Amino acid sequence: MCVESDGCEIEGCSSSDEVHTLSGSMSPGLKSNPDLHPCKPGEKFRAALLRCRSPTAAAGILSFGNVLNYMDRYTVVGVLLDIQKHFSVTDSEAGLLQTVFICSFMVAAPIFGYLGDRFNRKIILSCGIFFWSAVTLSSSFITKEYYWLFVLSRGLVGIGESSYSSISPTIIGDLFTNNTRTMMLSVFYFAIPLGSGLGYILGSSAKEAAGDWHWALRVSPVLGMTAGTLILFFVPEPKRGSADQLGGRLKTRTPWICDMKALAKNRSYVFSSLASSAVSFATGAFGMWIPLYLFRAQVVQKTVVPCTDEPCSSKDSLIFGAITCVTGLLGVLIGAATTRLCRQKTERADPLVCAVSMLGSAIFICLIFVVAKKSIVGAYICIFIGETLLFLNWAITADILMYVVIPTRRATAIAFQGFTSHILGDAGSPYLIGLISDALQKTYAHSALWQFLSLGYALMLCPFVIVLGGMFFLATALFFLDDREKAEKQLSQLTKSPSSVKVST
């Protein structure tokens with residue numbers, strides 16, 4: 001039998017079990033006692049909730065929340081053409097929506113990383129979800145005279161979503177280890193392309209069903225609040241390092257300054273963060289502009305007419321969203337399977353798989369701009385292959401971090417990796433691509449062909465950045481084994497008594 005602190009007997013527990021309270025604390029299982037009283041109906045319900053809080057269920061709920069995080073982010077992109085028409089804004093002004101979102105996201109990430117290494121993580125996650133859900137719902141009622149307010153609302157949403165992306169992977173990292181952790185992180189990071197694709201689909205479908213693009217922003221908040229509630233009740237708060245069987249033996253916590261110095265000296269962490277920046281640059285620009293680029297390609301081919309009144313055609317957003325979902329699944333599965341296979345051949349498999357996939361992706365992304373003018377089907381095929389290769393490295397990059405960073409500074413590491421990848425990547429890429437496109441369009445402002453070509457020329461920057469990212473992953477491979485060994489030594493030092501520990505930075 002197990003008991004809660006009020007002396008209530010909980011049925012279905014063995015004497016060796018532990019009871020996880022809703023606050024995240026744990027009480028050891030106790031033997032049956034004749035003084036215990038039977039559980040009341042409400043207490044039985046609570047006991048049932050506790051029994052449902054398995055690591056697998058927690059990983060599933062966190063992955064669901066990650067889907068919603070990215071779905072909300074790309075719902076706006078799914079109705080971007082309607083937003084441009086409604087607020088009468090240019091390409092660069094429309095690109096500002098994503099740039100402001102990412103800027104607030106990356107500024108908040110280090111703050112949440114610091115909090116996530118020191119306080120109850122699931123409470124922070126739930127508050128973040130409730131916050132962005134409320135702001136997204138409120139933004140759907142902003143009128144066309146207040147575009148600046150709409151842009152500001154996306155910045156506030158970025159703050160809420162930052163809490164989730166910075167902290168949730170560390171909970172999974174503390175619930176699982178080795179290949180199981182790789183698999184669970186693969187599921188979690190599959191939520192990125194799945195949520196992104198569903199964002200396009202949700203935005204387009206909700207607009208078509210309601211006849212008004214504003215309704216695209218009124219669905220994800222309801223789902224977000226549901227996810228926040230599930231996290232509060234069903235996700236445990238594991239001790240940091242518990243999956244490495246060190247949760248109860250970590251005797252010292254390193255200061256934040258010490259953490260930052262150690263991360264700056266961690267070459268694998270630095271190079272993999274720079275590589276992640278290249279991925280973010282490309283995915284941010286593509287996610288924002290590819291549906292519009294393909295629409296303009298069809299205008300040039302005279303298969304569709306230019307959009308002059310709302311609602312505009314959403315076909316390309318729907319197709320691109322579906323492709324993103326499928327390629328995300330394939331990329332994560334192929335990445336996990338390939339890495340597991342390659343680990344049997346070399347211990348540097350993780351960064352090497354990422355490097356090869358990045359370089360291969362750049363080739364097919366270049367081909368998009370070669371074939372789009374003549375064949376939309378050919379462009380979609382290139383997008384499919386290019387995205388699949390690009391998505392291979394998401395979960396693997398997170399696993400690299402888990403290997404080379406000790407548990408007590410992982411939330412900080414993830415937060416600053418996110419900060420770096422956003423400030424060098426998708427914080428500026430949507431706006432930069434729109435700015436280049438607008439500058440090129442000035443020569444032939446009213447030419448449909450030049451509008452198509454100018455956006456294509458601007459997007460050609462992406463494959464070059466992807467190649468650079470592949471080089472950074474190759475650099476990561478050079479230092480991966482040394483940094484992993486250092487992390488293991490630091491972790492063993494942290495399990496000693498505080499008086500005998502001197503943690504290297």
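Looking up the protein chain in an unreviewed UniProt entry gives the name Major facilitator superfamily (MFS) profile domain-containing protein, with the organism given as Aldrovandia affinis. UniProt, in its Subcellular location (unreviewed entry) section for the protein chain, records the words "Endomembrane system". According to its UniProt record, the protein chain has this under Sequence similarities (unreviewed entry): "Belongs to the major facilitator superfamily. Spinster (TC 2.A.1.49) family."

K.L.:
Provide a residue-level description of the packing of aromatic side chains, including the pertinent values.
P.N.:
In this structure the tally under the stated criterion is 14 aromatic pairs. Arranged with centres 6.0 Å apart and planes meeting at 90 degrees, the rings of Phe-150 and Trp-213 form a pair that is edge-to-face. Within this pair, whereas Phe-150 is found in helix α6 (residues 147–175), its partner Trp-213 is found in the loop between α7 (178–210) and α8 (220–234), the two being separated by 63 residues in sequence. A centroid spacing of 4.9 Å and a plane angle of 20 degrees characterise the contact between Tyr-293 and Phe-452, whose relative ring orientation is stacked. Of this pair, Tyr-293 sits in helix α10 (residues 267–300) while Phe-452 sits in helix α17 (residues 448–459), and the two are 159 residues apart along the sequence. Residue class for Tyr-293 comes out buried when judged on its relative accessible area of 2%. With a relative accessible area of 1%, Phe-452 lands in the buried category. Among the aromatic residues, those joined into a ring-pair cluster are Phe-87, Tyr-147, Phe-150 and Trp-213. When the ring centre of Tyr-403 is taken as origin, the NZ or CZ atom of Arg-484, which lies over that ring, is 6.0 Å away.

K.L.:
How would you summarise the pattern of salt bridges if you had to cite specific residues and measurements?
P.N.:
The final tally for this structure, using the stated rule, is eight salt bridges. Note that Arg-154 and Asp-72 form a salt bridge whose closest N and O atoms lie 3.9 Å from each other. Residue Arg-154 is located in helix α6, and its partner Asp-72 is located in helix α2 (residues 55–78); the two are separated by 82 residues in the primary sequence. Exposure class is identical for Arg-154 and Asp-72. Each is buried. A salt bridge links Arg-484 to Glu-347; its shortest N-O distance comes to 2.6 Å. You can see Arg-484 sitting in helix α18 (residues 461–494) and its partner Glu-347 sitting in the loop between α11 (315–342) and α12 (349–371), a full 137 residues away along the chain.

K.L.:
Which residues make up the side chain of Thr-75, and what values go with them?
P.N.:
Looking at where Thr-75 falls in the secondary structure, it is placed in helix α2. When its relative accessible area of 1% is taken as the criterion, Thr-75 is described as buried. A distance of 2.6 Å separates a polar side-chain atom of Thr-75 from the backbone oxygen of Met-71. Not counting residues within four places of it along the chain, the set of residues in contact with Thr-75 comprises Gly-199, Leu-202, Gly-203, Ala-216 and Leu-217.

What counts and how
Residues numbered from 1 in each chain as written. Predicted model: local features only at pLDDT ≥ 70, side-chain atom pairs only at ≥ 80, totals over all residues. Heavy atoms only, no water. UniProt positions renumbered as here; feature names shortened; annotations may be inferred. Phe/Tyr/Trp six-rings, centres within 6.5 Å; stacked < 30°, edge-to-face > 60°. Helix = DSSP H or I, 4+ residues; strand = E, 2+ residues; numbered from the N terminus. Buried < 20%, exposed > 50% of the residue type's maximum accessible area, 1.4 Å probe, protein only. Lys NZ or Arg CZ within 6 Å of the ring centre and 35° of its normal. Salt bridge = Lys/Arg side-chain N within 4 Å of Asp/Glu carboxyl O. Polar contact = N/O pair within 3.5 Å; in protein donor to acceptor, adjacent residues only side chain to side chain. Contact = heavy atoms within 4.5 Å.

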